[in-house]
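Structural characterization, general
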Amino acid sequence: MKLIAITGGIGSGKSVVSRMLQVMGYEVYDCDSRAKRLMNEDALVRDQIVSAFGTESYCADGSLNKSYLGSVAFTDEQSLSRLNAIVHPATARDIVQWAEQQAASGADAAFVETALLRTARLDRLVDHVWHVTAPALVRIDRVRVRSGLTAQQVRDRMAAQSLEEALAPGECAIVNDDKSAVMPQVADLLAKLK
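This text gives an overview of the structure that appears in the document. It should be emphasised that the depicted structure is a prediction, and the values quoted were computed from it without experimental measurement. (Residues numbered from 1 in each chain as written. Predicted model: local features only at pLDDT ≥ 70, side-chain atom pairs only at ≥ 80, totals over all residues. Heavy atoms only, no water.)

1. Some thoughts on the overall build of the chain
We count it as follows: Working definition: helices are DSSP H or I runs of at least four residues, strands are E runs of at least two. Numbering for both runs from the N terminus. Radius of gyration here uses only the C-alpha atoms, and the compact-globule reference equals 2.2 Å multiplied by the residue count raised to the power 0.38. Exposure is judged per residue with a 1.4 Å probe applied to protein chains only, and the accessible area is read against the type maximum: over 50% gives exposed, under 20% gives buried, and values in between give partly exposed. Note on definitions: a residue-residue contact is assigned when non-hydrogen atoms from the two residues lie within 4.5 Å. For the purpose of counting charges, residues Lys and Arg are taken to be positive, whereas Asp and Glu are taken to be negative. His and the chain ends are not included. Positions of charges follow a simple convention, taking NZ of Lys, CZ of Arg, CG of Asp or CD of Glu.
Helix and strand content of the chain: nine helices and five strands. Going from the N terminus to the C terminus, the chain shows its helices and strands as β-α-β-α-α-α-α-β-β-α-α-α-β-α. The C-alpha radius of gyration computed for the chain amounts to 17 Å, which stays within 12% of the reference 16 Å derived for 194 residues, consistent with globular compactness. Principal-axis analysis of the C-alpha atoms places the extent of the chain at approximately 50 × 45 × 30 Å. Across the 194 residues of the chain, 43% fall into the buried class. The long-range fraction of contacts in the chain, counting pairs at least 24 apart against all pairs at least 6 apart in sequence, stands at 72%. Computed over 22 positive and 24 negative side-chain charges, the inter-centroid distance for the chain is 3 Å.

2. So, unusual backbone geometry
A positive phi angle is found at Arg121, which is not glycine, with a value near 60 degrees. Tracing the backbone shows Arg121 in the loop between β3 (109–113) and β4 (128–133).

3. What to know about the packing of aromatic side chains
We count it as follows: Two rings from Phe, Tyr or Trp (for Trp, the six-membered ring) form a pair when their centres sit within 6.5 Å of each other. Planes less than 30 degrees apart are called stacked, planes more than 60 degrees apart edge-to-face, and all others tilted. Distance and angle both matter: a charge sits over a ring if NZ of Lys or CZ of Arg is within 6 Å of the ring centre and within 35 degrees of the ring normal.
Summed over the entire model, instances satisfying the criterion amount to three aromatic pairs. Relative to Trp98, the ring of Tyr29 lies with its centre 5.5 Å away and its plane at 65 degrees, an arrangement referred to as edge-to-face. Linking Tyr29 in strand β2 (residues 28–30) with Trp98 in helix α5 (residues 77–104), this pair joins segments that are 69 residues apart in sequence. Overall, Trp98 belongs to the buried group, its relative accessible area being 6%. Measuring from centroid to centroid gives 5.2 Å for Phe111 and Trp130, while their planes differ by 55 degrees, and the two rings are tilted. Of the two residues, Phe111 sits in strand β3 while Trp130 sits in strand β4, which places them 19 residues apart along the sequence. With relative accessibility at 1%, the residue Trp130 sits in the buried group. The structure contains a cluster of three or more aromatic residues connected by ring pairs, namely Tyr26, Phe111 and Trp130. Taking the ring centre of Tyr58 as reference, the NZ or CZ of Arg46 above it sits at 4.0 Å.

4. Thoughts on the pattern of salt bridges
What counts here: Each salt bridge in this description consists of a side-chain nitrogen of Lys or Arg and a carboxyl oxygen of Asp or Glu lying within 4 Å of one another.
Scanning the model with the defined rule gives seven salt bridges in all. One salt bridge connects Arg37 with Glu41, and the closest N-O pair in it is separated by 3.6 Å. Linking Arg37 with Glu41, this pair stays in helix α2 (residues 31–41), spanning four residues, or about one helical turn. Relative accessible area serves as the criterion here: at 30%, Arg37 is assigned to the partly exposed category. Of the charged contacts, one joins Asp188 and Lys192 as a salt bridge, the two residues approaching to 3.3 Å between their closest N and O atoms. On the criterion of helical spacing, the pair formed by Asp188 and Lys192 is a turn pair, its members being four residues apart in helix α9 (residues 182–193).

5. Here's the deal with the sheet that holds β2
Test applied: A pair of strands is treated as paired once DSSP finds two or more bridges between them. Axes here refer to lines fitted to C-alpha atoms; in helices the fit is confined to the stretch in contact. Angles between the N-to-C directions go from 0 to 180 degrees.
One open sheet holds the five strands; their spatial order is β2-β3-β1-β4-β5, and the pairing between them is parallel. Edge strands, defined here as strands with exactly one partner in the open sheet, are β2 and β5 (172–175). With direction set aside, neighbouring strand axes in the sheet form an average angle of 25 degrees. As defined by bridge partners, strand β1 (residues 2–7) adjoins β4 across four bridges and the pair is classed as parallel. Bridge pairing links Thr7 to His131 in β4. Of the strands in this sheet, β2 and β3 are in contact with α2, which crosses β2 at around 55 degrees.

6. Some remarks on α9
Our working definition: Take the number of residues in a helix, subtract one, and multiply by 1.5 Å to get its expected span.
For α9, with twelve residues, the first-to-last C-alpha span of 17 Å sits near the 16 Å given by 1.5 Å per residue. Check the buried side of α9 and you find it contacts β1, α1 (14–23), β3, β4 and β5.

7. Brief notes about the side chain of Ser18
Tracing the chain through its elements places Ser18 in helix α1. The class for Ser18 is buried, based on a relative accessible area of 3%. Once residues lying within four places of it in the same chain are set aside, the contact partners of Ser18 are Ile6, Val28 and Glu113.

8. Notes on helix α7 (residues 151–160)
Condition: Read the arc as the range of directions from the helix axis to the C-beta atoms.
Looking only at α7, the buried set comprises Ala151, Val154 and Met158. Buried residues of α7, viewed axially, fall in a sector of 65 degrees; they line one side. Exposed residues lying more than 90 degrees from the buried face of α7 are Ala159 and Ala160.

As structure tokens, then:
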């Protein structure tokens with residue numbers, strides 16, 4: 001089975017490509033939602049977060065206290081690195097288990113949607129990388145509309161993902177610039193997998 005990463009910066013359209021693939025019958029592992037699930041449900045991850053950031057990391061009902069964790073983990077590079085050192089390896093382990101399940105079910109290909117392919121070292125787990133791209137202004141507008149962030153806040157997030165922006169040798173690009181049709185590009189890349 002081939003494991004393919006769908007990556008790209010904030011607002012590039014990774015989720016659009018993922019939804020297309022799901023409609024076509026492919027399984028897609030969404031790193032954002034699965035990482036949140038792990039932070040809420042995985043006992044080891046929970047223990048590590050509490051140890052690193054305190055019992056306030058979880059609400060009285062046991063759910064992740066996102067506002068508290070965001071206020072302490074995203075204030076400086078060291079705190080963010082500590083959180084990433086907990087969440088990224090747990091997510092990688094979960095991807096491996098999920099991919100094994102997909103292979104056991106007879107899937108020829110499965111996909112992993114992630115904004116942090118290199119930062120989380122997930123590039124080591126996949127066979128191919130599909131990098132979704134869009135011009136910066138298009139991305140800023142998309143994110144502003146869906147999230148209510150200011151243009152500067154979006155630019156800051158784009159800058160924080162700069163390591164992820166460059167297309168590495170061997171990666172395939174999907175242009176999602178609101179002018180180019182995305183589906184034919186996806187179909188062409190799927191045909192090349194066979």
